[in-house]
Structure formats: C-alpha cells, structure tokens
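# Observations on the model geometry
Read off the chains here:
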Amino acid sequence: MTSAPHLASRLQGFGTTVFAEMSALAVATGAINLGQGFPDEPGPHEVLDVARAAIGTAHDQYPPGPGQPDLRAAIAEHQQRFRGLAYDPADEVLVTAGATEALTAALLGLLEPGDEVVLFEPMYDSYAAAVAMAGGVLRPVPLRPPPASSGEVATGRWTFDEAELRAAVTPRARLLLLNTPHNPTGKVFTRAELAVLAEVADAADLLVLTDEVYEHLVFAGAEHVSIATLPGMRERTLVVSSGGKTFNTTGWKTGWVCGPAALVSAVRTAKQYLTFVNGGPFQPAIAAGLRLPDTYFAGVAAELQRRRDLLVAGLADAGLPVVSPEATYFATVDVRPRRPDGDGIAFCRSLPGRAGVVAVPTVVFYSPEHAELGRHLVRFAFCKRDEVLAEAAQRLRRLA
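The rules behind the values
Residues numbered from 1 in each chain as written. Predicted model: local features only at pLDDT ≥ 70, side-chain atom pairs only at ≥ 80, totals over all residues. Heavy atoms only, no water. Helix = DSSP H or I, 4+ residues; strand = E, 2+ residues; numbered from the N terminus. Rg over C-alpha atoms; globule rule 2.2 N^0.38 Å. Buried < 20%, exposed > 50% of the residue type's maximum accessible area, 1.4 Å probe, protein only. Contact = heavy atoms within 4.5 Å. Areas by Shrake-Rupley, 256 points an atom, 1.4 Å probe, with all protein chains shown as cover. Lys, Arg positive; Asp, Glu negative; His and termini not counted. Charge placed at Lys NZ, Arg CZ, Asp CG, Glu CD. Domains from an automatic or database assignment. Buried area = accessible area lost by both parts, 1.4 Å probe. Salt bridge = Lys/Arg side-chain N within 4 Å of Asp/Glu carboxyl O. Polar contact = N/O pair within 3.5 Å; in protein donor to acceptor, adjacent residues only side chain to side chain. Pairing = 2+ DSSP bridges. UniProt positions renumbered as here; feature names shortened; annotations may be inferred. Axes fitted to C-alpha atoms, helices over the stretch in contact; angles between N-to-C directions.

## Details of the overall build of the protein
Assigned secondary structure in the protein consists of 13 helices and 14 strands. The C-alpha atoms of the protein give 21 Å as radius of gyration, which agrees with the globular expectation for 400 residues (21 Å, within 12%). Dimensions of the protein along its principal axes, counting C-alpha atoms only, are 55 × 50 × 50 Å. Buried positions account for 57% of the 400 residues belonging to the protein. Within the protein, contacts between residues at least 6 apart in sequence are counted, and of these 75% link residues at least 24 apart. When the accessible surface of the protein is split by element, carbon and sulfur atoms take 55% of a total near 15,600 Å². Placing the 35 positive and 43 negative side-chain charges of the protein at their respective mean positions leaves the two points 4 Å apart.

Dropping the structure here:
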C-alpha cells in the first residue's frame, strides 16, 4: 500500500481496498476471480437497448438533480409493487450514483460529529469509510455463522445476540445502518429479527438507513422484508437500492434512496455536492428494467440460486466448511481445515498459486475489535457463468 502522509486523520487506515489487491492478483496469476462481486454476463436486452437508444440524444446532458422524472416514477412504482410502500416521486425519491453514494450522502447529511452508527458486521467495506467521512462513530454488532464441519454445507442462518445489539445503542446513537439481504454473509433478516430492530430503533429514536441492493436476489426458503414496511418505521427509514445487481449493470452506478421528504432532502443536500448528477442515458434504461414483469425478477433469483449450488458443492468437495447463503452473490467458508492457523488473508494470497482461484478474506469486513471473529473466514462470489464456476470448483477440489 502506498504511504499517504497527507491523508486526513479520519481516513487513516482506509487504504487500497482488498478487492483491488485480489483482482490484481487474479490478473497477475491468470486465476479465476471469485473475489469481487460482479457478473460476467450482460443484462437483459430490454434494459440495454434503451440505454443504447438514449446515447446521442438529450439524455447525454445533465439530468435533473433528483433524477429523471420517469426513473423516479418507476422507482416509486417498484416500491409500491414489491414492498407495498407508497412514495411521492417528486420529493421522496432521489436518484444517486449507485447505492454507495446514496449511503454516503445519507450519512454525510444526517450525522453530526460524534454521532454513533449501530450496524452489523461483517459489513460492506464502504460503510466504515463513509461513517468516518461523516465524523461518525461505529458501534458494530457481530453476526455469527451457523456451525459446519469439514466438507459440510451449513444451511443454518447467521444470527446476532439481541443483548449485544441493545448494548451497542448508547445515548450517542443516532442511526441504525441495516443491510438486508446482507453482504458479505448472504443473510436475509427475518421478520422477527426486523421487529426487534424496529423496537430498538423506536425506543432509542434512531433513524434507520437500510441497504437493500440485493432485494431481488433471494433464494428459496427466504423472504426479503424491508424494515420500512413495519408499523411506524416508514417515517424514520431511508431505503436504498440500485439497478446494478438486479440487471447485471454494476458499472452503470444507478442507485436511489426513498423515504420521508425531510430525510430525502437531507440526503439530496449532500448528494448535490458529490456527483451532482450521473448516468443520463442509463436512467431511462433502469426505469425500463424496474417495469419488467415479475417473471424476470423471479428468474434472476432462480438462476443465481442454481449457480450458488454449483459453487457451494465445489467448496464442500474441497474440504471447506461452507455456509450456503440465503441471498446475494456470496458464499462463506471456514479455512481452518485447509489452513490450521486460520489466517484467511494468507489463505487468499496463496490460493491463486495452489488452486488458480481468487477469493476475498472476510476479516477485512470487520472492525478491529471483532476482527478475530472473521479471521478464519473467506468469501467466494458465484455470480459468474456456469463454465467459470465449474472450472473454479474443479480447481478448488485440488485443495482436498
């Protein structure tokens, strides 16, 4: 990592991401990259064709600050259709440069220096940096995986300790940051778990920021429920999502945030000084995607579930205890049967040479205080073509 002596103190410790390191390792070694979560196939033609047609038109210029009206309308329709939530496209929907900007702008617009943010870990890596940029303080609560033995597929769920959650909520707590379906674990929070979170948020008068970018990539036996649908929660909740995962367009960076007008206004105030606007030709395309029939969304989940099963079987055959996820792109393994010291970072750095596959150590998604909980865990992505996953599974079997 390059030294950064001029980096502001609040960003000390945030260097080059592990994704960059592991992706570079994949290129250098010719390994299959199952580290970073992006698909290797194009999205639906109904979406791509609209973007192509928009290029060379007025959509190449700045869109309105809050986003194209038709996209905001499509987002509101989508929320009503899938979640039963009504939002006014005029002032309760904001288009952003991906979900990452939506989350960062929300934290910048809502937090005062020293405000505490309660969240679960392992956590998507941008959360800690965004909280730091906003002057906030993390109050992480660990998720714990179900037990699994060597070569076994664990079908249980990641869980949290309610007592630890309540202990994390101090008088300085301002906001609960929730990610469901959850990256990197693939956990989908149940209705009962969300009820506990809602009760805690109400009792402490917390705002809720919920990251739901994997909302449509949920597998059989699990159900995605937005916490904003629970009684009394809509008025304190900002719901964030994007089109990248649903339509295989992660590079378009077209996201959004929905919520009460006063909260969305705070996000918009910060957002307008970040990117201002983005992705003009992509906005009508994502609007078209959000209006695709239910069969499209069901099909995306079913296809990804099949690919999950293909990779999970290969990981188990490699003698690695693996947690089969309920949603998302990712499966988690315990490396200790193949690396007795439990060093997930060292395992990932040696994996390209040993098996020709790249993964990501889960420890990078933990705060320092809980790092030991994730030291032995590694994340693999299965959002790839069948032939890529089959080859990766075959290579991983060398570990056995």
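Read on for the rest.
## A look at the domain arrangement of the protein
Partitioning the protein into domains gives domain 1 (13-42 + 295-399) and domain 2 (45-292). Listed as interface residues are 41 residues of domain 1 and, on the opposing side, 49 residues of domain 2. For the pair domain 1 and domain 2, the two sides together bury roughly 3,700 Å², of which 66% comes from carbon and sulfur. The largest share of the area that domain 1 buries against domain 2 comes from F297, E326 and F365, three residues that together contribute 22% of it. Taken together, domain 1 and domain 2 are joined by one salt bridge. Note that R157 is salt-bridged to E326, the shortest N-O span being 3.4 Å. Where domain 1 packs against domain 2, one counts 16 residue pairs in polar contact (both at pLDDT 80 or more). Taken together, the elements giving at least two residues each to the side of domain 1 that touches domain 2 come down to α10 (294-317), β10 (322-323), β11 (330-334) and β14 (377-381).

## Quick notes on the sheet that holds β10
Taken in spatial order, the five strands make up an open sheet running β5-β10-β11-β14-β13, and their pairing is mixed. The sheet terminates laterally at β5 (153-154) and β13 (360-361), the two strands that pair on one side only. One ladder, built from two bridges, connects β10 with β11; its direction is antiparallel. For V322, the partnering residue across the bridge sits in β11 and is V333.

## Some words on the UniProt feature "domain: Aminotransferase class I/classII large" (unreviewed entry) in the protein
The residues that UniProt annotates with the feature "domain: Aminotransferase class I/classII large" (unreviewed entry) are residues 31-396. In residues 31-396, helix accounts for 38% and strand for 16%; the two terminal C-alpha atoms are 11 Å from one another.

## Looking at the sheet that holds strand β6 (residues 173-179)
Spatially, β2-β9-β8-β7-β6-β3-β4 is the arrangement adopted by the seven strands of the open sheet, whose pairing is mixed. The sheet is open, and its two borders are formed by β2 (93-96) and β4 (137-142), each paired with just one other strand. Pairwise comparison of adjacent strand axes, ignoring direction, gives a mean angle of 20° for this sheet. Bridge count for strand β7 (residues 207-211) against strand β8 (residues 237-242) is four bridges, and the pairing is parallel. Note on β8: the bridge partner recorded for T210 is V239.

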